[in-house]
Amino acid sequence: MKCRVCKGPAVIDVRRHNANFCAEHFLRLCRDQVAKAISQFAMLAPGERVLVAVSGGKDSLALWDLLLELGYPTDGLYVGLGIGDYSDSSATYARAFAAERDLELIEVDLRETHGYDIPTGAKAAKRAPCSVCGISKRHVFDRAALDGGYDALATGHNLDDEAAVLFGNVLRWETDYLARQQPVLPARDGFPRKIKPLVRLGERESAAYCILRGIDYEVEECPMAVGNKHLGYKEALNAIETTSPGSKQQFYFGYLERAASRFTTDEEDGVGDGVALSACQRCGAPTPGEVCGFCRLAERASQAQPVAAPVRKMAS
Ligand code: SF4
Ligand code: ZN
Ligand code: ZN
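Residues numbered from 1 in each chain as written. Chains lettered and ligands numbered in written order. Predicted model: local features only at pLDDT ≥ 70, side-chain atom pairs only at ≥ 80, totals over all residues. Heavy atoms only, no water.

Colleague: Which residues make up the overall build of the protein chain, and what values go with them?
Modeller: Each helix and strand in the protein chain was counted, giving 13 helices and 10 strands. The globule rule puts the C-alpha radius of gyration for 316 residues at 20 Å, and the 20 Å found for the protein chain is close to it. Its C-alpha atoms put the protein chain at 60 × 45 × 40 Å along the principal axes. Within the protein chain, the fraction of its 316 residues that count as buried is 48%. Looking at the protein chain alone, contacts between residues at least 24 apart form 70% of all its contacts between residues at least 6 apart. Carbon together with sulfur atoms contributes 51% to the accessible area of the protein chain, which is approximately 15,700 Å² in total. In the protein chain, 38 positive and 42 negative side-chain charges are present, and the distance between their average locations comes to 5 Å. (Helix = DSSP H or I, 4+ residues; strand = E, 2+ residues; numbered from the N terminus. Rg over C-alpha atoms; globule rule 2.2 N^0.38 Å. Buried < 20%, exposed > 50% of the residue type's maximum accessible area, 1.4 Å probe, protein only. Contact = heavy atoms within 4.5 Å. Areas by Shrake-Rupley, 256 points an atom, 1.4 Å probe, with all protein chains shown as cover. Lys, Arg positive; Asp, Glu negative; His and termini not counted. Charge placed at Lys NZ, Arg CZ, Asp CG, Glu CD.)

Written out as structure tokens, the structure reads:
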């Protein structure tokens with residue numbers, strides 16, 4: 001197996017590109033793909049300040065490292081979700097990455113700041129943990145990005161994530177979500193600009209990137225992900241990718257290039273409640289009602305009896 005660029009010994013094959021790479025040229029490929037995504041979708045201008053949402057996993061730490069390599073001033077944001085030892089362990093990776101590079105890591109602990117954690121919030125709201133987690137993270141991310149005056153909030157969603165979300169949205173013909181599924185969402189109505197610079201990299205590549213760069217990351221899956229539909233969609237797409245390499249890329253980028261513009265949001269269609277957004281009476285975030293969904297969740301969850309997180313399975 002030889003590197004496509006230098007013909008030296010290769011360390012990884014990227015079947016999607018039908019090519020093998022040595023460590024140096026694989027790392028360069030990752031940087032080039034991120035730089036290409038940033039310019040293709042006009043995510044950032046040179047020198048803009050970025051807040052990176054870091055979970056302690058491979059994608060978000062690779063993203064932080066790649067943005068630094070590309071010269072963007074960045075800080076990290078870690079949200080303590082209170083998912084038992086999974087959260088404790090993930091936090092140590094995020095803190096170590098920041099400390100070793102002398103970077104700023106903002107930490108927001110849900111229980112300390114808002115009085116609940118994800119297992120308790122899910123039970124109190126009678127909702128799936130990932131749904132409660134999503135609302136909670138979005139609120140904390142938006143607030144921190146706006147309060148810190150960052151130009152954009154970056155998340156580590158990769159090609160596998162975006163293709164799986166697209167697959168789920170197509171299966172249910174969620175036209176409103178399809179219209180919003182973009183790698184960059186401009187700042188609007190009190191929301192920060194949101195960017196996904198890893199959309200041109202698969203999760204196998206972000207893992208290889210971390211290993212080759214010596215970045216330690218949390219390898220365990222979140223114990224609350226069990227039964228998550230997103231994981232099933234990923235498995236289905238992986239099966240297709242095995243027999244037809246490049247399918248995921250064609251599915252996702254084909255959608256962005258040729259189909260995304262055909263979908264309109266409920267807001268654009270004038271359906272849904274159609275109410276203009278105003279500031280939440282509790283937190284000031286934009287909301288169609290008087291009190292936003294996050295504040296209603298936090299109020300109910302913070303009064304509930306704490307629930308323990310499921311014990312995570314250790315890798316064998
Ligand atoms: Fe949150 Fe679900 Fe991800 Fe766990 S798997 S961190 S609960 S979104
Ligand atoms: Zn090479
Ligand atoms: Zn609110």
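Colleague: Residues and numbers for the sheet that holds strand E3 (residues 50-53), please.
Modeller: Read from one edge to the other, the open sheet built from six strands follows the order E5-E4-E3-E6-E8-E7, with strand pairing classed as mixed. Among the strands making up the open sheet, the edge pair consists of strand E5 (105-109) and strand E7 (184-185). Here E3 runs beside strand E6 (residues 152-154); their pairing, made up of three bridges, is parallel. Bridge pairing in E6 places Val52 opposite Ala154. Along the sheet, helix H2 (residues 58-69) contacts E3, strand E4 (74-80), E5 and E6; its crossing angle with E3, the most-contacted strand, is approximately 160°. The strands that helix H6 (residues 129-147) touches are E3, E4, E5, E6 and strand E8 (194-195); relative to E4, the one it contacts most, it runs at about 145°. (Pairing = 2+ DSSP bridges. Axes fitted to C-alpha atoms, helices over the stretch in contact; angles between N-to-C directions.)

Colleague: Any details on the site of ligand 1? Residues and values, ideally.
Modeller: The local shell around ligand 1 consists of Leu81, Ile83, Cys130, Cys133, Lys137, Cys222, Met224 and Ala225. When its residues are assigned to classes, the shell around ligand 1 shows seven nonpolar, no polar and one charged. (Near = heavy atom within 4 Å. Nonpolar A, V, L, I, M, F, W, Y, C, P; charged D, E, K, R; others polar.)

Colleague: Residue-level account of the packing of aromatic side chains, with values.
Modeller: The final tally for this structure, using the stated rule, is seven aromatic pairs. Both rings, one in Phe41 and one in Phe253, keep their centres 6.4 Å apart while their planes meet at 20°; by these two values the pair is stacked. Of this pair, Phe41 sits in the loop between helix H1 (23-40) and E3 while Phe253 sits in helix H11 (residues 247-259), placing them 212 residues apart in sequence. Neither Phe41 nor Phe253 differs from the other in exposure class; each is buried. Clustering of aromatic rings is evident, with ring pairs tying together Phe41, Tyr252 and Phe253. Cation over ring: Arg101 sits above Phe97, and NZ or CZ is 3.8 Å from the ring centre. In this arrangement the basic side chain of Arg200 is found over the ring face of Phe253, its NZ or CZ atom lying 5.0 Å from the centre. (Phe/Tyr/Trp six-rings, centres within 6.5 Å; stacked < 30°, edge-to-face > 60°. Lys NZ or Arg CZ within 6 Å of the ring centre and 35° of its normal.)

Colleague: Describe unusual backbone geometry, naming the residues involved and giving the relevant values.
Modeller: At Ala42, a position not held by glycine, the phi torsion is positive, near 50°. Note on Ala42: relative accessible area 61%, which makes it exposed. At Lys126, a residue that is not glycine, the phi angle is positive and equals roughly 55°. In this structure, Lys126 sits in the loop between helix H5 (118-125) and H6. The exposure class assigned to Lys126 is exposed, which follows from its relative accessible area of 75%.

Colleague: Tell me about the coordination of the zinc ion (ligand 3), and please be specific about residues and values.
Modeller: All of the protein donors around the zinc ion (ligand 3) are Cys280 (SG), Cys283 (SG), Cys292 (SG) and Cys295 (SG); their distances to the metal are 2.3 to 2.4 Å. For the zinc ion (ligand 3), the four donor atoms in the first shell make angles of 107 to 115° at the metal, a pattern classed as tetrahedral. Sequence spacing of the donor residues for the zinc ion (ligand 3), all on one chain, is C-x2-C-x8-C-x2-C. Residue Cys280 is found in the loop between strand E9 (278-279) and strand E10 (286-287), and its partner Cys295 is found in helix H13 (residues 293-302); the two are separated by 15 residues along the sequence. (Donors = N, O, S within 2.8 Å, 3.2 Å for Na, K, Ca; no water. Tetrahedral: all angles 85-135°; square planar, octahedral: opposite > 155°, others 65-115°.)

Colleague: Give me the lowdown on the coordination of the zinc ion (ligand 2), citing residues and values where you can.
Modeller: Distances from the zinc ion (ligand 2) to its protein donors, Cys3 (SG), Cys6 (SG), Cys22 (SG) and His25 (ND1), fall at 2.0 to 2.3 Å. Around the zinc ion (ligand 2) sit four donor atoms, and with donor-metal-donor angles ranging over 96 to 115° the site reads as tetrahedral. Each donor residue of the zinc ion (ligand 2) lies on one chain, and together they are spaced C-x2-C-x15-C-x2-H. Linking Cys3 in the segment before strand E1 (12-14) with His25 in helix H1, this pair joins segments that are 22 residues apart in sequence. On the accessibility criterion, His25 (9% relative accessible area) is buried.

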